[in-house]
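Single-letter residue listing:
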Amino acid sequence: MVTVMLGLTVTMNNALFETTQQTNAAATVATVGEIMYTDLNQTIANGVLASNPTMMQFKADTSMGGGNKATITYTATLDGTSGLYNLTRKVGSKTTTISNNLVSVQFQYVDTDGHATTTPSEVDGIRVKLVAQVSGVTQGFSTTLNDFKVFPPNLN
């Protein structure tokens with residue numbers, strides 16, 4: 001009886017731990033996505049400066065209409081030790097790591113007609129795809145995804 005109870009307790013604790021880990025990872029990519037979404041919606045006309053799959057750079061009105069323009073850069077860098085990506089956000093001269101342990105980071109750009117483009121002056125919409133690793137999970141989902149598109153109102 002004691003063995004059965006201990007086994008049940010361990011199983012329940014493990015399930016609770018894994019559920020908590022999955023929830024935390026999902027909350028992290030959701031928060032990072034919200035920061036990026038907000039920044040992108042503040043992009044000024046013809047503000048996209050660089051458009052490649054692992055780095056996005058644009059000018060934005062960071063004061064929301066107050067005329068305070070800054071260059072914002074998101075860069076995904078592969079960590080050679082872990083094999084996972086770190087995502088940094090640079091506003092002006094201040095750089096902050098906003099996420100670690102990402103399995104993949106992808107920025108995709110489309111023009112007014114919805115066709116893929118890498119020419120900054122043609123960008124009208126941006127798709128961001130973030131996949132994060134869920135640490136310590138042995139069953140169920142081991143990654144979590146945030147995939148969204150932004151069509152900043154001031155572009156083109």
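Residues numbered from 1 in each chain as written. Predicted model: local features only at pLDDT ≥ 70, side-chain atom pairs only at ≥ 80, totals over all residues. Heavy atoms only, no water.

**Structural notes on the side chain of Thr-73**
1) Next: Relative to the assigned elements, Thr-73 resides in strand β3 (residues 69-78).
2) Next: Those residues within four positions of Thr-73 in sequence are excluded, and the remaining contacts are Met-55, Met-56, Gln-57, Thr-88, Arg-89 and Lys-90. (Helix = DSSP H or I, 4+ residues; strand = E, 2+ residues; numbered from the N terminus. Contact = heavy atoms within 4.5 Å.)

**Description of the pairing of strand β5 (residues 94-110)**
1) Next: Pairing of strand β4 (residues 85-91) with β5, which is carried by 6 bridges, proceeds in the antiparallel orientation. Among the inter-strand pairings, Tyr-85 is bridged to a residue of β5, identified as Leu-102.
2) Next: Remark: 2 residues form the turn of the hairpin made by β4 and β5, two consecutive strands paired antiparallel; Gly-92 in that turn has positive phi of roughly 65 degrees.
3) Next: The pairing of β5 with strand β6 (residues 125-133) spans 8 bridges and is antiparallel. (Pairing = 2+ DSSP bridges.)

**Structural notes on the sheet that holds β3**
1) Next: Read across the open sheet, the 7 strands follow the order β1-β2-β3-β4-β5-β6-β7; overall the sheet is antiparallel. Edge positions in the open sheet fall to β1 (43-52) and β7 (143-150), since each of these has one partner strand only. If you compare each strand with its neighbour and ignore which way they point, the axes differ by 30 degrees on average.
2) Next: Relative to β4, β3 is paired through 7 bridges, and the arrangement is antiparallel. (Axes fitted to C-alpha atoms, helices over the stretch in contact; angles between N-to-C directions.)

**Let's talk about the pattern of salt bridges**
Pairing between side chains of opposite charge can happen when the charged atoms of each approach one another.
1) Next: According to the stated counting rule, one finds 2 salt bridges in the structure shown.
2) Next: One salt bridge connects Asp-39 with Arg-89, and the closest N-O pair in it is separated by 2.8 Å. Pair noted here: Asp-39 is in helix α1 (residues 2-40) and Arg-89 is in strand β4, with a separation of 50 residues, a long-range link.
3) Next: What makes Asp-39 buried here is its relative accessible area of 6%. (Salt bridge = Lys/Arg side-chain N within 4 Å of Asp/Glu carboxyl O. Buried < 20%, exposed > 50% of the residue type's maximum accessible area, 1.4 Å probe, protein only.)

**Remarks on the layout of surface pockets**
1) Next: In this model, the largest pocket occupies a volume close to 160 Å³.
2) Next: As for the largest pocket, its lining consists of Gln-21, Asn-24, Ala-25, Thr-28, Ser-99, Asn-100, Asn-101, Leu-102, Ala-132, Gln-133, Val-134 and Ser-135.
3) Next: Secondary-structure elements contributing two or more residues to the lining of the largest pocket are α1, β5 and β6. (1 Å grid on protein atoms, 1.4 Å probe; cavity = no way out; pocket = protein on both sides within 12 Å on 5 of 7 lines; lining within 4 Å. Points joined across faces, edges and corners; volume = space filled by probe spheres on them.)

**Description of the confidence of the model for the protein chain**
1) Next: Here the protein chain shows a mean pLDDT of 84. Residues at 70 or above account for 82%.
2) Next: Between the elements of the protein chain, mean pLDDT differs from a low of 72, seen in α1, to a high of 95, seen in β4. (pLDDT = per-residue confidence, 0-100.)

**So, the environment of Ser-142**
1) Next: Along the chain, the position of Ser-142 falls in the loop between β6 and β7.
2) Next: Sequence spacing of Ser-142 and Ala-25 is 117 residues, and the spatial spacing of their C-alpha atoms is 9.7 Å.
3) Next: The contact partners of Ser-142, leaving out residues within four places of it in the chain, are Ala-132, Gln-133 and Val-134.

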